[in-house]
Amino acid sequence: MHLDELQQFIRFTISQLSPQNGQADFEKICLYFAKSRIHRNILPATGPVQAGGDQGRDFETFHTYLSQTPIAQHTYISNFSGRPVVFACSMEKEPARRNGKITSDLKTITGSGTAVDRVYFFSGQDIPVAARHKTIDEAKRDLNVTLEIIDANALSQHLAEPDLFWVATQFLKIPADLYPVKTGDHWYAKIFNEYRQRTKQITTYEEFTEVKEAVRAIYKSDTQKSDLAFWYIRLDELIAAGANSNLVRHAIYERFVTALVGTDHVAGQETNIQRYFKEFDRHISTAELEDANHLLSFSFNAYLGGRLNIEKSFLDGVADRIEQLIDGMLKAATIDDNLCALLEIKASFCLNDRRGKPDYSANFAAYIRELNKLTAKLPNAGFYPFERLADRLNKNLKTLMTVFEDIRPLEKVLEDVDRILADKGANKIVADKLRDRAVMFFEAGQTGKAIRLLHDLKLKWFNKETINGVVLTCNFLGKAYKQQGLYFAAKYYHLVAAYLAQKDKDTAFSDKLTNGLSEAAACDYATGAWVSYLNISEIHLQTHGIATKDFDLYDHEDTIQLLYYPAVILRLAKELMPGAEKVLTEAVPVYAELAEDMHEIGERFLSKQDTRTLKETAEQEILGIPFNDISSERTIAFNACGCNWIFNFKNSYINNTVAEEYISIFQVLLQELADDDLHLRPGDVCINIVIATDGKFSLTEPLEKKNITEVILTPFKGSGYEQRRKYTFDLLVYAQMLVFIQSSLSQKDYKAALDAKLKSPQLLEKVSFGQAYTVVYGEFYRRKSFECVLKANISNAFSTNRQQLKTNDALPWNNKLSPLFDRKRESEIIQNRIRWLNKTVSVTLPLFKTSEHFKKIIAELRQEGWLDWHLLHVFSNKVVSKKVHDARKFRTVADYQKLFWEGMQKDEKEWYQAINAEDFSLEEFRNFLNVLLPVSVLSNFGLDEQPRGNDAAGYLQLLVQRFDFLETGKEHIIFD
């Protein structure tokens, strides 16, 4: 039967369902269609129709929490929806007529129960297109609900598709063999056709194994899943015959598990489950115990998901028996391989234990405990399937990272398994599993973990014989750094990948070279280094032609990067900077050769945009300043860890190689330190890089009135590996100095937190790998082209003033309460401070409380969020300072500070002198609060009492966000 004939037959069969007796089957058809095509999280209506209990809803989505539980299967989690959607079904004729079934159901649905996002109406009738559209429009207009109608014709087309055909065979009784026969030489097609022609039942393990392999080959396949119904008939025959109890149990297992995972339908298999577990524990092997444990887990999942109608007490009893079996077999086991297998089963049992009230945290802890026992035994195992264990642990990691916030214990187990595998010489397996985990973390948005694994991968598990793996890993690292907004670190690793691909005879001029150059160029474009972008794109175009042979710019996925971006760059250069387009095309002649292609791209994509719009769009889309490498001065700016890091330096080819290498190292370092709580102050951090041809590295910390750090760097002039390594280490040291300046920790605490990490040789391998930045930069960026542009002395039309940088959500500022913050201790400090300061102004304070001028100042500052103890601190300091100044008994700053401190220790009654309230201004108070108060209390929190740089706003924000500075002590009212 052809597919269109099958669709017609299904449509005919639907029409044979009666509105009375066929409604239940039709609802089930619609339910499984909806779960496959629309939403996975569907809840059937619970109230009887005649009692008005279903509120017009045959089934509806519910807010699922399955993604938070370890029992979830990943294939389900990815399809879940959190929005309420209602589904209604009807076999009635003409449901779209005026005040027909659709309208009446919609009124019922919208008038009671949970508010819904949209309604899907399934009809057992064909509904004309015009009537369908009219009904949909009326639903939106009259009831403000989005309606979608799926009639019998649409439904029959979907039921004829491979992954839903089992629904037609189950509920419409369509013969499974009506599905179009598969053709081809594949083994599955052969065995399928062989068993279709057989009438003899399955009676041997050989036959069962063939069927089992066939079922497992298709039960997750959307294109072949339609065959499951045929195979299930064969398995059901075997189970019913019951000649061999072991074979029956195997058949029940395959029938249940593949049906649950493949079709999400196991209704009617309750008897099989009870039969399987009736005497399963007699003469059981380790392998059979593992099957029993897996089947129990699947059965619990099906029960909890409402798919299996069985008593939970039965499943609890089975769990008790399995646990006793495992423990008994563990006690009796003497061979390490068997012990490992049993410990793996025990770990799985603990993780999936559903007896009593679920406690997933306790399950996870028990799971890790058993895995640790397993890893302790693994070194002595000889024939245990290590790779299978690594695969299973990786799969569990993928699921559990969506459930638990902290899965480091499982990561630690995986590290132990990697180490044991490496000791056994299985480095290839370790590398594969590390890469798989890196992909998992990357896809889950945990890019930092992916980066750490990729570095581990390239450092430990690759060598000269596996250069292909190194190239792939470096490109992957580049993408990961890019995802974290660290474009210079990303650019470096893409250039390394391209360099290694070009130099290796097996991968030279391959897609890996092209990919590395393409991604490096993308980094230049995104950061506004558009001269550099055109420079490397010329080589990119040339290698593209070699790598792809018959290369057509208009039929390639890189067209937009190879032509569109240059078209944007050259048009903006032409219209905003006179003479710039000519200079750029002379410097990069390939784009002069592609003038016609560029013009066509411009006409196709850019002709409708005026220059102003194009300029604004470019500024919004990229992270840096457009054309920031076209003039004599260059600014590189990015946001990370709550700071705007702004680097300025004189623009030249050599300066770019040195400065970009320094910034690349700095970005790798920032990512490496992202999880360390260094108490960085948010805000702008300005760094002037000076490239000195002679001299040594040096760094000048920001002065009080000039919050700019100056770093002096020199180009590498040495030779050989060791000298180059020493140079890179010096760059790393001066990169971490920037972090130290922005950290609020004391030097001692900073050193204690990072000393081991900064001294690790692995860190040096992370900031520089394969080849130095200057080497790979020089390989792909042509000095002559770059200097040709700089000699033209073009003035950048884009503002090089500091711009508002986009917040980097991938590497955000840590604004959580600090672990150094002790609320009780801080409250005690505040109370003591208030008692002390009240004595300092014991006479003046009561007098000032009657001053309207002073009360107005206090009221405004309170309105701004300042607390009374803050204001008392400022007030007492101002009072003592004024007295010391008025007495004029000091000659030096040191004398003044001595007299001021002595005054702060006295009770004012001992040296009172009248002060006029009018001498105090709001601006003076505000300036003290914003600038001097934050740094004066740093030591209270264990932070460095000597502030680094003129960064009062950053210190204040740090205190407010991380030390509850505007909340702690709020209860103390002083100025009323």
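Residues numbered from 1 in each chain as written. Predicted model: local features only at pLDDT ≥ 70, side-chain atom pairs only at ≥ 80, totals over all residues. Heavy atoms only, no water.

> Mind showing me how you'd approach the overall build of the chain here?
Check the secondary structure of the chain and you find 42 helices and 10 strands. The contacts of the chain with a sequence gap of at least 6 include a subset with a gap of at least 24, amounting to 72%. As displayed, the chain has an accessible area near 45,500 Å², and 49% of this comes from carbon and sulfur atoms. (Helix = DSSP H or I, 4+ residues; strand = E, 2+ residues; numbered from the N terminus. Contact = heavy atoms within 4.5 Å. Areas by Shrake-Rupley, 256 points an atom, 1.4 Å probe, with all protein chains shown as cover.)

> Sorry, what's going on with the pattern of salt bridges here?
Side chains carrying opposite charge are able to pair once their charged atoms draw close together. The tally for this structure, following the rule as stated, stands at 70 salt bridges. Between Lys101 and Asp105 there is a salt bridge, with the nearest N and O atoms lying 3.2 Å from each other. Highlighted residues: Lys101 and Asp105, both in helix α4 (residues 101-111), separated by four residues, approximately one helical turn. It is possible to trace a salt-bridge network through shared partners that takes in Glu194, Arg198, Lys200 and Glu207. (Salt bridge = Lys/Arg side-chain N within 4 Å of Asp/Glu carboxyl O.)

> I keep staring at helix α42 (residues 952-962) and nothing clicks. Help me out?
Given 3.6 residues per helical turn, the α-helix brings residues three or four places apart onto the same face. Taken together, the buried positions of α42 are occupied by Ala952, Gly954, Tyr955, Leu956, Leu958, Leu959 and Arg962. Looking at the packing, one finds that the buried side of α42 touches α41 (922-936). A positive phi of about 50° marks Asp964, the residue just after α42. (Buried < 20%, exposed > 50% of the residue type's maximum accessible area, 1.4 Å probe, protein only.)

> Teacher, can you tell me more about the sheet that holds strand β9 (residues 698-700) here?
The strands making up a sheet associate through hydrogen bonds between their backbones, and the pairing can be parallel or antiparallel. In space, the five strands of this open sheet follow the order β6-β7-β8-β10-β9, with mixed pairing throughout. Edge positions in the sheet fall to β6 (633-640) and β9, since each of these pairs with one other strand and no more. Between one strand and the next, the sheet's axes are offset by a mean angle of 20°, whatever the strand orientation. Summarising the sheet, β6 and strand β7 (residues 643-650) pair through eight bridges and their orientation is antiparallel. Across the sheet, Arg634 pairs through a bridge with Phe649, a residue of β7. On top of the sheet, helix α31 (residues 721-742) reaches β7, β8 (683-691), β9 and β10 (708-713); it is set at about 15° to β9, its chief contact. (Pairing = 2+ DSSP bridges. Axes fitted to C-alpha atoms, helices over the stretch in contact; angles between N-to-C directions.)

> Teacher, can you tell me more about the side chain of Lys491 here?
In this fold, Lys491 is placed in helix α22 (residues 487-503). Look at Lys491 and you get buried, because its relative accessible area is 1%. Only 3.4 Å separates the side chain of Lys491 from the side chain of Tyr781, close enough to count as a polar contact. Non-local contacts of Lys491, meaning those with residues more than four positions away in its chain, are made with Ala520, Cys523, Asp524, Glu660, Tyr773, Tyr777 and Tyr781. (Polar contact = N/O pair within 3.5 Å; in protein donor to acceptor, adjacent residues only side chain to side chain.)

> Would you mind showing me how to read the environment of Asp504 here?
Structurally, Asp504 is set in the loop between α22 and α23 (511-527). In sequence terms Asp504 and Asn468 are 36 residues apart; their C-alpha atoms lie 8.9 Å from each other.

> Before we go on, may I ask you to explain the pairing of β6 in this structure?
For a regular strand, side chains alternate in direction, first toward one face of the sheet and then toward the other. Counting buried residues along β6, six of its eight residues qualify, which places the element largely inside the surrounding structure. As consecutive antiparallel partners, β6 and β7 are separated by two residues, and within that stretch Cys641 has a phi angle of approximately 60°, a positive value.

> How do you make sense of the environment of Cys788 when you look at a structure like this?
Tracing the backbone shows Cys788 in helix α35 (residues 783-791). Residues Cys788 and Val588, spaced 200 residues apart in sequence, show a C-alpha to C-alpha distance of 9.5 Å. Setting aside residues up to four positions removed in sequence, Cys788 forms contacts with Val583 and Ala587.

> Help me understand the packing of aromatic side chains in this model?
A ring pair, where both rings are aromatic, is described by two values, the distance of the centres and the angle of the planes. Scanning the entire structure with this criterion turns up 53 aromatic pairs. Look at Trp187 and Tyr188: their rings are 6.1 Å apart centre to centre, the planes differ by 85°, and that puts the pair in the edge-to-face class. Residue Trp187 is classed as partly exposed on the basis of its relative accessible area of 39%. Residues Tyr653 and Phe786 carry aromatic rings whose centres are separated by 6.1 Å and whose planes lie at 70° to one another, so their mutual orientation is edge-to-face. Of this pair, Tyr653 sits in helix α30 (residues 653-672) while Phe786 sits in helix α35, and the two are 133 residues apart along the sequence. Note on accessibility: Tyr653 and Phe786 belong to one class, buried. Every member of this aromatic cluster is reached through a ring pair, and the members are Tyr481, Tyr492, Tyr493, Tyr653, Tyr773, Tyr777, Tyr781 and Phe786. Sitting over the ring of Tyr232, Arg255 keeps its end group 4.1 Å from the ring centre. Above the plane of the ring of Tyr955 lies Arg681, whose end atom (NZ or CZ) is 4.4 Å from the centre. (Phe/Tyr/Trp six-rings, centres within 6.5 Å; stacked < 30°, edge-to-face > 60°. Lys NZ or Arg CZ within 6 Å of the ring centre and 35° of its normal.)

> What is the right way to look at helix α40 (residues 893-905) in this model?
Look at α40: 19 Å from first C-alpha to last across 13 residues, which is about the 18 Å you get at 1.5 Å a residue. All of the buried residues along α40 are Tyr896, Phe900, Gly903 and Met904. All buried residues of α40 lie within an arc of 100° about the axis, which places them on one face of the element. Exposed and oriented more than 90 degrees from the buried face of α40 are Lys898 and Trp901. (Expected span 1.5 Å × (residues − 1). Arc of directions from axis to C-beta.)

> Sorry if this is basic, but what is going on with the environment of Ile335 here?
Residue placement: Ile335 occurs in the loop between α14 (312-332) and α15 (336-351). On the basis of relative accessibility, which here comes to 53%, the residue Ile335 falls in the exposed class. In this structure, the C-alpha to C-alpha distance between Ile335 and Ala381, residues 46 residues apart in sequence, is 8.3 Å.

> I keep staring at the packing of helix α18 (residues 408-423) against helix α19 (residues 427-443) and nothing clicks. Help me out?
Contact geometry of α18 with α19 gives a least axis separation of 8 Å together with a crossing angle of 160°. With respect to α19, the element α18 is oriented roughly antiparallel. Between α18 and α19 the crossing geometry is left-handed. Residues Glu411, Leu414, Asp418, Leu421 and Ala422 of α18 pack against Asn427, Ile429, Val430, Leu434, Arg437 and Phe441 of α19. Looking at the contact of α18 with α19, its residues break down into seven nonpolar, one polar and three charged. (Parallel < 35°, antiparallel > 145°, perpendicular 65-115°, else oblique. Left-handed = near helix turned anticlockwise from the far one by under 90°. Nonpolar A, V, L, I, M, F, W, Y, C, P; charged D, E, K, R; others polar.)

> Mind showing me how you'd approach the pairing of strand β5 (residues 146-150) here?
Of the strand pairs in this sheet, strand β4 (residues 118-123) and β5 are connected by five bridges, and their pairing is parallel. Within β5, the residue paired with Phe121 across the bridge is Ile149. Once the chain exits β4 it traverses helix α5 (residues 129-143) before rejoining the sheet at β5, and the crossover so formed is right-handed. (Right-handed = clockwise from strand over helix to strand, strands pointing away.)

> Explain the packing of α30 against helix α34 (residues 773-780) to me, please; I cannot follow it from the model alone.
The contact between α30 and α34 brings their axes to 9 Å, and the two run at 130°. Classed by the angle they form, the pair α30 and α34 counts as oblique. Note that α30 runs across α34; the crossing there is right-handed. Between α30, through Tyr653, Asn656, Thr657, Glu660, Glu661 and Ser664, and α34, the contact on the second element is made entirely by Tyr773, Thr774, Tyr777 and Gly778. Across the contact of α30 with α34, the residue classes tally to three nonpolar, five polar and two charged.

> I tried to follow unusual backbone geometry on my own but got confused; where do I start?
With the exception of glycine, the majority of residues adopt a negative phi angle, and the majority of peptide bonds are in the trans configuration. Even without being glycine, Glu94 reaches a positive phi, approximately 50°. Overall, the relative accessible area of 57% leaves Glu94 in the exposed class. You will see that Phe627, though not glycine, has its phi angle at about 60°, which is positive. Relative to the assigned elements, Phe627 resides in the loop between α29 (611-621) and β6. Under the relative-accessibility criterion, Phe627 is labelled buried at 1%.

> Looking at this structure, I do not really get the confidence of the model for the chain. What am I missing?
A low pLDDT score tells you not to read the predicted coordinates there in detail. Here the chain shows a mean pLDDT of 85. Residues at 70 or above account for 90%. Looking over the chain, one finds the lowest element-wise mean pLDDT in helix α3 (residues 74-77), namely 28, and the highest in α30, namely 96. Within the model, pLDDT remains below 50 along residues 59-81, and this stretch shows 73 contacts once partners closer than five positions in the same chain are excluded. Long-range and interchain partners of residues 546-551, a stretch whose pLDDT sits below 50, account for 11 contacts in this model, where long-range means more than four residues apart. (pLDDT = per-residue confidence, 0-100.)

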